[in-house]
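Now for the letters of each chain:
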Amino acid sequence: MRGRTVAAGIAASLAGGAAWRARDVPFSPVTGGSRVGADYVARRGLASGERAPVGEMDDMAEFARAGFDPERVAGDVRRFYERTTEYEMLFRARWHRPFRTGAALAAPVTSYVRQLNLPGPSDDEWHRLESEFVALAPDADPRDGARAWIRTDEAGDAVFVALYASHERDGERFVNIAAPLPGGNLSTVLRIGHLGAGDATGVELTTRAPGDPGLYWVTPPVGFALPADQRFRVWPTDGSVSAPAEIDDPTDGDAVALATHEMWLCGAQFLTVEYAVVPA
């Protein structure tokens, strides 16, 4: 049976205590019950009834700032963010020592909750993700452009149920994500930037930036910064930006982009999730 969990890292962060109370970050007020799952948005009545979004964001141009020009982002990478439903995703998880044991032990928890439900350390196979977006009602989640991105595996089980939005601070727009969990939500604020140089770059989204970016445990309306970080990097496969040699393409060249999602706890990296992005 597949072992699944990232709850081990979250539990360790919370056991150690939140580092500090976050101020003025517009967190999602949505929380999870004992189970989340693929039907969470419908079950909780969070949908707006409006036409479903087609991407993680509507227009990357909204994130333009000094030092980040969306016009320089490689076309396939930008389209993936703006037209996510037009792509398929393959993924695999790599748990780093010494967190492998904790990940395996906590697998029944994330399997039951049906959230943050990744393959465990004994599973190094590639798996397919299906994506669905749902627009969220403003009275349920008032953050800018709030939408649910529901990702399920081959069996139809929820892997990630995340509520994507954005917010602006001092003229800069940040990605603002909430993952509902029992009793609250795990929120991430990310700064977007270029990955590589030249006229066709990849993108990097990271919590390791000044100001609002960070990883937070939120019991609405209060959020607490955690001693954890995460980073997303996306490389186009057209050769304009070279991915690290250890990043594999399981599609025999069909992928238009490769990506990683890396997480750290108290400075130690505990997880790398790899993705291959293929036109549907």
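For the structure itself, look to the data block above.
Here's what I pulled together on the structure shown here. A quick note: this is a predicted structure, and the numbers were derived from the prediction, not measured.

A few words now on the pattern of salt bridges. If you walk through the whole model with that rule in mind, you get 20 salt bridges. A salt bridge links Glu88 to Arg128, with the nearest nitrogen and oxygen atoms 2.8 Å apart. Of this pair, Glu88 sits in strand E2 (residues 87-95) while Arg128 sits in strand E3 (residues 127-135), and the two are 40 residues apart along the sequence. Of the residues examined, Glu88 reaches a relative accessible area of 31% and is grouped as partly exposed. Exposure remark for Arg128: the relative accessible area of 34% places this residue in the partly exposed category. Among the salt bridges present, the one from Arg231 reaches Glu262, with a minimum N-O distance of 2.8 Å. Of this pair, Arg231 sits in strand E11 (residues 228-236) while Glu262 sits in strand E12 (residues 257-265), and the two are 31 residues apart along the sequence. What emerges from the salt-bridge pattern is a single network uniting Asp59, Glu71, Arg78 and Glu82.

What follows covers the packing of aromatic side chains. In total, this model carries eight aromatic pairs according to the counting rule given. For the pair Phe80 and Tyr87, a centre-to-centre distance of 5.8 Å together with 80° between the ring planes defines the contact as edge-to-face. Side by side, Phe80 and Tyr87 carry an identical accessibility label, which is buried. An aromatic cluster of at least three residues, connected via ring pairs, comprises Phe80, Tyr81 and Tyr87. Above the ring of Trp149, the side-chain terminus of Arg151 is found at 3.8 Å from the ring centroid. Taking NZ or CZ as reference, Arg208 lies 4.0 Å from the ring centre of Trp264, over its face.

Calculation criteria
Residues numbered from 1 in each chain as written. Predicted model: local features only at pLDDT ≥ 70, side-chain atom pairs only at ≥ 80, totals over all residues. Heavy atoms only, no water. Salt bridge = Lys/Arg side-chain N within 4 Å of Asp/Glu carboxyl O. Helix = DSSP H or I, 4+ residues; strand = E, 2+ residues; numbered from the N terminus. Buried < 20%, exposed > 50% of the residue type's maximum accessible area, 1.4 Å probe, protein only. Phe/Tyr/Trp six-rings, centres within 6.5 Å; stacked < 30°, edge-to-face > 60°. Lys NZ or Arg CZ within 6 Å of the ring centre and 35° of its normal.

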